Amino acid sequence: MKSIPYGRQHIDDSDIQSVIGVLQSDWLTQGKTIDCFEEKVAEYCGVKYAVAVSSATAALHIACLSIGLGEGDILWTVPNTFVASANCARYCGAEVDFVDIDPKTYNMSVSALEEKLALAKKNGKLPKAIIPVHFSGQSCDMEAISALASANHIMVVEDAAHAIGAEYRGQQVGSCKYSDMTVFSFHPVKIITTGEGGMVLTNRKDLYDSLRRLRSHGITRESELLVNESQGDWYYEQLELGYHYRMTDIQAALGISQLDRLPEFLKRRRELATQYDQLLAGLPLVLPYQSADGQSSYHLYPVQVDSTKTNLSRKDVFDALRKAGVNVQVHYIPVYQQPYYRALGFTEGYCSNAEAYYAQCISLPMYYSLSDEQQSYIVDVLKNIFAAVGAGPKPESKTCV
Ligand SMILES: *Cc1c(COP(=O)(O)O)cnc(C)c1O
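Here the structure is a predicted model, which means the values were calculated and not measured.

1. Focus on the sheet that holds strand 15 (residues 301–305)
Then step 1. Overall, antiparallel pairing links the three strands, which are arranged 13-15-17 in an open sheet. Whereas interior strands pair on both sides, the edge strands pair on one side only; in this sheet they are strand 13 (285–286) and strand 17 (361–364).
Then step 2. Across the sheet, helix 11 (residues 352–360) is in contact with strand 15 and strand 17; its angle to strand 15 comes to roughly 90°.

Shown next, in the form of structure tokens:
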């Protein structure tokens, strides 16, 4: 049997036709298809501006640059994320620090944030920006995070790499109602794809102008932004040090057709999540919690091997699933446990909830084309793994006194 991945893209004929259309046109990059993709995503999310870039990593980088993050500044994110959410601050020469997660939602803990802010305020070390991450597709408690941030004049950038299509308090994630900017990823394992790609959304015109320049060498041609008088139609000015982070029109064409299919993708992901919830009930697993505040886009379906209910470790269960052709993954090794961050001084135990979660988590396969048959196979494999050892409560360990 072919192995089942934890995530994968779905490309159909409408996607292929959309890309072919651009290949047959005059503009492979820097054409109108990019503008069209940006407008469509902005409209879907209910936000004013969108800037498409080459990856979410690039998006996070220029988001940080656009708010002037630099040396001497501090950025806070969570450890339960991909390294890119923290690296973006390092690219700008800023320091990174980590706020622990909530053990129930696996997202940034509001109480941990509140405590850490109070301490930072006392020490004069408040961050310039916070990057909450909507882990697995479930929105963070943005209303609370935004209130704490604005009370301390801190900028908020949502890392929504997992969360296009997710909802929070009646808004689409990406509306930026509770943040300065939101970032999406269009990597093939994410909800919709452009091959590689990302986007920054904002309601702020000043950030929008800056983001557009930063993705293209810091160059502008817009007359109202020029420092000097235009010398002719060829004229442009480089106003700051930008990058080459553009998306191609070929990618944007794929993005447009994928966005059209987003409702269908979300429907299936949510259906699969509901089915997992039902099929896995009773096993020694902690199933993902859905907050009543919104609706997840289910980029991931993360479970925890419940160490209070089984003797099997996460590694035991992970290895057994892999052996049965179920290509599960682990999201995430706490970022500060990476050697690069260790070398910056972070130590074991820094965020105990993120570490406890990491010790037990496994992401089960979750993607649009995962069939009901494949899902029952995965569930059967899990049932067999636990049946083989007995899934009853872990026996009390005897201690010698
Ligand atoms: C995938 C991912 C990124 C980076 O996305 P790219 O488009 O691959 O650069 C950033 N943050 C999170 C949480 C991610 O999952």
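2. Some words on the side chain of arginine 270
Then step 1. Within the element layout of this structure, arginine 270 appears in helix 8 (residues 249–280).
Then step 2. Notably, arginine 270 is buried but unbridged: the nearest opposite-charge side chain belongs to glutamate 167, and the N-O separation is 4.5 Å.

3. A word on the site of the ligand
Then step 1. By nearness alone, 15 residues border the ligand, and Thr57, Asp159, His162, Ser185 and Lys190 come closest of all.
Then step 2. A distance of 2.8 Å separates an oxygen atom of the ligand from a polar atom in the side chain of serine 185.
Then step 3. When isolated, the ligand has an accessible area of 380 Å², and the protein chains bury 92% of it.
Then step 4. Secondary structure elements with two or more residues in the shell around the ligand: helix 3 (56–66) and helix 4 (84–91).

4. Observations regarding helix 7 (residues 205–214)
Then step 1. Of all ten residues in helix 7, seven are buried; the element is thus mostly enclosed.
Then step 2. The complete set of buried residues in helix 7 reads Leu207, Tyr208, Asp209, Ser210, Leu211, Arg213 and Leu214.
Then step 3. If you follow the buried residues of helix 7, they end up packed against strand 2 (49–53), helix 3, strand 9 (181–185), strand 10 (198–202) and strand 11 (219–220).

5. With respect to the packing of aromatic side chains
Then step 1. Across all of its chains, the model carries 17 aromatic pairs by this definition.
Then step 2. Relative to tyrosine 332, the ring of phenylalanine 135 lies with its centre 6.0 Å away and its plane at 70°, an arrangement referred to as edge-to-face. In this pair, phenylalanine 135 is assigned in the loop between strand 5 (129–130) and helix 6 (142–151) and tyrosine 332 in the loop between strand 16 (326–327) and helix 10 (339–342), connecting sequence segments 197 residues apart. The two residues phenylalanine 135 and tyrosine 332 agree in class, both being buried.
Then step 3. Measuring from centroid to centroid gives 5.9 Å for phenylalanine 135 and tyrosine 357, while their planes differ by 80°, and the two rings are edge-to-face. Taken as a pair, phenylalanine 135 in the loop between strand 5 and helix 6 and tyrosine 357 in helix 11 lie far apart in primary sequence, 222 residues in all.
Then step 4. Assessed through its relative accessible area of 1%, phenylalanine 135 is described here as buried.
Then step 5. Grouped by ring-pair contacts, the aromatic residues Phe98, Tyr336, Tyr340, Tyr341, Phe346 and Tyr350 constitute a single cluster.
Then step 6. The ring of tyrosine 368 has arginine 261 lying over it, and the distance from NZ or CZ to the ring centre is 5.8 Å.
Then step 7. In this arrangement the basic side chain of arginine 314 is found over the ring face of tyrosine 358, its NZ or CZ atom lying 4.9 Å from the centre.

6. Quick look at the nonpolar core
Then step 1. Core analysis: the largest hydrophobic core is formed by 96 residues, its most contacted members being Leu280, Leu321, Leu364 and Leu382.
Then step 2. For this core, the element with the highest residue contribution is helix 3, accounting for seven residues.

7. A few points about the pattern of salt bridges
Then step 1. Counted by the stated rule, this structure contains 18 salt bridges.
Then step 2. Taking the shortest distance from any N to any O, the salt bridge between arginine 204 and aspartate 206 comes out at 2.7 Å.
Then step 3. The exposure class assigned to arginine 204 is partly exposed, which follows from its relative accessible area of 29%.
Then step 4. A relative accessible area of 44% means that aspartate 206 is categorised as partly exposed.

Conventions adopted
Residues numbered from 1 in each chain as written. Predicted model: local features only at pLDDT ≥ 70, side-chain atom pairs only at ≥ 80, totals over all residues. Heavy atoms only, no water. Pairing = 2+ DSSP bridges. Helix = DSSP H or I, 4+ residues; strand = E, 2+ residues; numbered from the N terminus. Contact = heavy atoms within 4.5 Å. Axes fitted to C-alpha atoms, helices over the stretch in contact; angles between N-to-C directions. Buried < 20%, exposed > 50% of the residue type's maximum accessible area, 1.4 Å probe, protein only. Lys, Arg positive; Asp, Glu negative; His and termini not counted. Salt bridge = Lys/Arg side-chain N within 4 Å of Asp/Glu carboxyl O. Near = heavy atom within 4 Å. Polar contact = N/O pair within 3.5 Å; in protein donor to acceptor, adjacent residues only side chain to side chain. Areas by Shrake-Rupley, 256 points an atom, 1.4 Å probe, with all protein chains shown as cover. Phe/Tyr/Trp six-rings, centres within 6.5 Å; stacked < 30°, edge-to-face > 60°. Lys NZ or Arg CZ within 6 Å of the ring centre and 35° of its normal. Core = buried A, V, L, I, M, F, W, Y, C linked by side-chain atoms within 4.5 Å.

Such coordinate-based values are descriptive only and should not be taken to indicate function.
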